[in-house]
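A look at the structure
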Amino acid sequence: DAKTTQPPSMDCAEGRAANLPCNHSTISGNEYVYWYRQIHSQGPQYIIHGLKNNETNEMASLIITEDRKSSTLILPHATLRDTAVYYCIVRVAGRGSGYALNFGKGTSLLVTP
Amino acid sequence: GAVVSQHPSRVICKSGTSVKIECRSLDFQATTMFWYRQFPKQSLMLMATSNEGSKATYEQGVEKDKFLINHASLTLSTLTVTSAHPEDSSFYICSAYTLTVANTQYFGPGTRLTVL
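Described below are features of the structure shown in this document. Because the structure is predicted, anything quoted here is derived from the model rather than measured.

Quick look at the overall build of chain B
- Helix and strand counts for chain B come out as zero helices and eleven strands.
- In chain B, the succession of α and β elements from N to C terminus is β-β-β-β-β-β-β-β-β-β-β.
- Scaling as 2.2 N^0.38, a compact globule of 116 residues should have a C-alpha radius of gyration of about 13 Å, and chain B matches this with 13 Å.
- Put simply, chain B has 116 residues, and 51% of those count as buried.
- For chain B, contacts bridging at least 24 residues in sequence account for 54% of all contacts bridging at least 6.
- By element, 53% of the accessible surface of chain B is carried by carbon and sulfur atoms, the whole surface being about 5,700 Å².
- Across chain B, 10 positive and 8 negative side-chain charges occur, with their mean positions spaced 6 Å apart.

Printed below as a string of structure tokens:
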């Protein structure tokens, strides 16, 4: 699976959009981009994933550049409860049952009042 | 959908005793479950991969005789920490894989183990 690079920390004001970048310049054509987050002392929570098209769900939006070498997770209206460590993970499509997720260091997002 | 539970959420035990942690997929069947460990201020580290009805596959450096894993059904996997010592104190997290919901893994809430 391709390696990802994320900034170690970011701040965001409550109510504002939080834009979390991820670089995955070595991504292969059959690799998806997954985002998880981990709130302190809890298990990771799945947020969203995509291959090449932009994706949106009730939690967030995922914007993937045309060359797929980077992506941005957008939390449109951040709340204090969005304070967490966010992990960008790249994994091969179809690598489901037999493969664990490789968690890097992620981005620690602090949402402030 | 795709809810995973763990029990207990927190356990304190004396050195030398054994502790069992349960991981259940509540609304889906999981052929594969994973066990991770997380030390303070560190990321999750995979300990083992558990397939229903077969022996678990352990990562390098994880003692299979110390961390016993049983995946007896499609909805239940257990991790038993045998003869626990203070250095085993950690946050243990399980995940269950499902093809039917985003083709990915869903995580339990974790179990905080403290060995005195």
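What to know about the state of the cysteines
Residue and element names in this part refer to chain A.
- Enumeration according to the criterion identifies two disulfides over all chains in this entry.
- Paired through a disulfide, Cys22 and Cys88 show a sulfur-sulfur distance of 2.1 Å. One quick way to see it: the torsion about the S-S bond of Cys22 and Cys88 is about -80 degrees, and its sign makes the bridge left-handed. Residue Cys22 is located in strand β2 (residues 18-23), and its partner Cys88 is located in strand β8 (residues 84-92); the two are separated by 66 residues in the primary sequence.

Some words on the sheet that holds strand β1 (residues 9-13) of chain A
Residue and element names in this part refer to chain A.
- As summarised here, the arrangement of the five strands in space is β1-β9-β8-β3-β4, forming an open sheet in which the pairing is mixed. In the strand order of this sheet, the two ends are held by β1 and β4 (45-50), each with one partner. With direction set aside, neighbouring strand axes in the sheet form an average angle of 25 degrees.
- Bridge count between β8 and strand β9 (residues 107-112): three bridges; the pairing is antiparallel. Across the sheet, residue Val85 finds its bridge partner in β9, namely Ser108.

Looking at unusual backbone geometry
- Across the junction of B:His7 and B:Pro8, the peptide omega takes the value 0 degrees, indicating a cis bond.
- Among the secondary structure elements, B:Pro8 is positioned in the loop between β1 (4-7) and β2 (10-13).
- With phi around 60 degrees, A:Arg68 is a residue other than glycine that occupies positive phi space.
- For A:Arg68, the location among the structural elements is in the loop between β6 (61-64) and β7 (70-75).
- For A:Arg68, a relative accessible area of 9% corresponds to the buried category.
- In the Ramachandran plot, B:Lys41 falls in the positive-phi region, its phi being about 65 degrees despite a non-glycine side chain.
- On the secondary structure map, B:Lys41 appears in the loop between β4 (32-38) and β5 (45-51).

Section: the nonpolar core
- Formed by 40 residues in total, the largest nonpolar core has its most connected members in A:Tyr36, A:Phe103, B:Tyr36, B:Phe107 and B:Leu113.
- The element that contributes the greatest number of residues to this core is strand β9 (residues 90-98) of chain B, accounting for six residues.
- Among residues more than four places away in sequence, those in contact with A:Phe103 are A:Tyr36, A:Pro44, A:Tyr87, A:Ile89, B:Tyr36, B:Ser43, B:Leu44 and B:Phe107.

Here we look at the sheet that holds β6(A)
Residue and element names in this part refer to chain A.
- With respect to topology, four strands assemble into an open sheet ordered β2-β7-β6-β5, the strand pairing being antiparallel. Looking at the sheet topology across the chains shown, the edges are occupied by β2 and β5 (55-56).
- Pairing between β5 and β6: two bridges, direction antiparallel. Paired with Thr56 across the strands is Ser61, a residue of β6.

Quick look at the packing of aromatic side chains
- Counted under the stated rule, the structure contains eleven aromatic pairs over all chains.
- With a centroid separation of 5.0 Å and an interplanar angle of 90 degrees, the aromatic rings of A:Tyr87 and A:Phe103 are classed as edge-to-face. A residue pair is termed long-range when its members are at least 10 positions apart, and A:Tyr87 in strand β8 and A:Phe103 in the loop between β8 and β9 qualify at 16 residues. No difference in accessibility class separates A:Tyr87 from A:Phe103, as the two residues are buried.
- For the ring pair A:Phe103 and B:Phe107, a centre distance of 5.6 Å and an interplane angle of 80 degrees mean the geometry is edge-to-face. Pair noted here: A:Phe103 is in the loop between β8 and β9 and B:Phe107 is in strand β10 (residues 104-107), and the two residues belong to different chains. Assigned by exposure class, A:Phe103 and B:Phe107 land together as buried.

Rules behind the numbers
Residues numbered from 1 in each chain as written. Chains lettered and ligands numbered in written order. Predicted model: local features only at pLDDT ≥ 70, side-chain atom pairs only at ≥ 80, totals over all residues. Heavy atoms only, no water. Helix = DSSP H or I, 4+ residues; strand = E, 2+ residues; numbered from the N terminus. Rg over C-alpha atoms; globule rule 2.2 N^0.38 Å. Buried < 20%, exposed > 50% of the residue type's maximum accessible area, 1.4 Å probe, protein only. Contact = heavy atoms within 4.5 Å. Areas by Shrake-Rupley, 256 points an atom, 1.4 Å probe, with all protein chains shown as cover. Lys, Arg positive; Asp, Glu negative; His and termini not counted. Charge placed at Lys NZ, Arg CZ, Asp CG, Glu CD. Disulfide = S-S within 2.5 Å. Pairing = 2+ DSSP bridges. Axes fitted to C-alpha atoms, helices over the stretch in contact; angles between N-to-C directions. Core = buried A, V, L, I, M, F, W, Y, C linked by side-chain atoms within 4.5 Å. Phe/Tyr/Trp six-rings, centres within 6.5 Å; stacked < 30°, edge-to-face > 60°.

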